[in-house]
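The lines below spell out each chain.
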Number of protein chains: 2
Amino acid sequence: MNFPVIVTVTLREGIADPEGATIERALPALGFTGVTHVRAGKSFRMTIEAADEASALEKATALAERLLSNPVIEDASASIGTSAIGGSA
Amino acid sequence: MNFPVIVTVTLREGIADPEGATIERALPALGFTGVTHVRAGKSFRMTIEAADEASALEKATALAERLLSNPVIEDASASIGTSAIGGSA
């Protein structure tokens, strides 16, 4: 079975995030107030072929940690998505 | 009230995604098979001060479309996160 999986990679707390800080500084000029703690990260969607949801998630977590993130400065998490990009046949 | 919000920006279907394609090509060499349709995107976490969840989401959607994404090639979606980065007091 194919499972739609979403992997989210975020900077660990305490790691400087210039992109997030710049976005936060730009917001008031565009009329958005009350937005704080902006942190930028990456998101990856993919379709994983596996026997069941648990093993799809396990595979996604392994590849997120090995390929998609730098564990020294980033946290990675995987979750089952709501819709497959390539169908879920 | 402060709400943790996650904004996800993904490339629209049909838009070329060299980053996702490169990741997909690298996976078999690392021992990951059965992973297809890899699409790279961005994810932003933030804390939004609003009267209720609905208006926090509305504000997040507006800023996602105006500041965080390019609507010509990208889709943006906002959702309430599970944990605030800066607390939810």
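Residues numbered from 1 in each chain as written. Chains lettered and ligands numbered in written order. Predicted model: local features only at pLDDT ≥ 70, side-chain atom pairs only at ≥ 80, totals over all residues. Heavy atoms only, no water.

Observations concerning the relation of the copies chain B and chain A
For the pair chain B and chain A, the relating rotation is 180°, the translation along its axis is 0.0 Å, and the fit reaches an RMSD of 0.0 Å. Expressed as an axis order, the relation between the two copies is that of a two-fold axis. Identified as the residue of chain B closest to the rotation axis by C-alpha distance is Lys42 of chain B, at 2.1 Å. (Least-squares fit on C-alpha atoms with pLDDT ≥ 70 in both.)

With respect to the confidence of the model for chain A
All names here are of chain A. Of all residues in chain A, 92% have pLDDT values of 70 or greater, and the mean over the chain is 89. No element of chain A has a lower mean pLDDT than strand E3 (residues 74–80), which averages 92, and none a higher one than strand E2 (residues 35–49), which averages 95. pLDDT under 50 marks residues 84–89. Its contacts with residues more than four places away, or in other chains, come to 14 contacts. (pLDDT = per-residue confidence, 0-100. Helix = DSSP H or I, 4+ residues; strand = E, 2+ residues; numbered from the N terminus. Contact = heavy atoms within 4.5 Å.)

Things to note about the pairing of strand E1 (residues 2–11) of chain B
The side chains of a regular strand alternate between the sheet's two faces. Residues and elements named next belong to chain B. Across the 10 residues that make up E1, a large majority, 7, are buried. Sheet topology note: the E1/strand E2 (residues 35–49) ladder contains 9 bridges and is antiparallel. Bridging across to E2, Asn2 finds its partner in Glu49. Summarising the sheet, E1 and strand E3 (residues 74–80) pair through 7 bridges and their orientation is antiparallel. (Buried < 20%, exposed > 50% of the residue type's maximum accessible area, 1.4 Å probe, protein only. Pairing = 2+ DSSP bridges.)

Considerations on the interface of chain B and chain A
Listed by partner, the interface residues are 34 residues for chain B and 34 residues for chain A. Where chain B abuts chain A, roughly 3100 Å² becomes buried across the two surfaces, and 63% of that area is made up of carbon and sulfur atoms. For the pair chain B and chain A, the interface holds 0 salt bridges. Looking at the side of chain B that touches chain A, the elements with two or more residues in it are E1, helix H1 (18–26), E2 and helix H2 (53–68) of chain B. In terms of residue count, the dominant contributor to the side of chain B that touches chain A is E2 of chain B (15 residues). When its residues are assigned to classes, the side of chain B that touches chain A shows 16 nonpolar, 10 polar and 8 charged. Sheet topology places E2 of chain A next to E2 of chain B; 11 bridges connect them, and they run antiparallel. Bridging across to E2 of chain B, Ala40 of chain A finds its partner in Phe44 of chain B. (Buried area = accessible area lost by both parts, 1.4 Å probe. Salt bridge = Lys/Arg side-chain N within 4 Å of Asp/Glu carboxyl O. Nonpolar A, V, L, I, M, F, W, Y, C, P; charged D, E, K, R; others polar.)

Quick word on the sheet that holds E1 of chain B
The strands that make up a sheet are held in pairs by hydrogen bonds between backbone atoms, and each pair lies either parallel or antiparallel. Spatial strand order, E3(A)-E1(A)-E2(A)-E2(B)-E1(B)-E3(B): 6 strands in an open sheet with antiparallel pairing. Two strands close off the open sheet at either side, each with one partner strand: E3 of chain A together with E3 of chain B. Here the strands of the sheet are splayed against their neighbours by 25° on average, with no regard to which way each runs. H1 of chain B rests against E2 of chain A together with E2 of chain B of the sheet, and its axis sits at about 125° to E2 of chain B. (Axes fitted to C-alpha atoms, helices over the stretch in contact; angles between N-to-C directions.)

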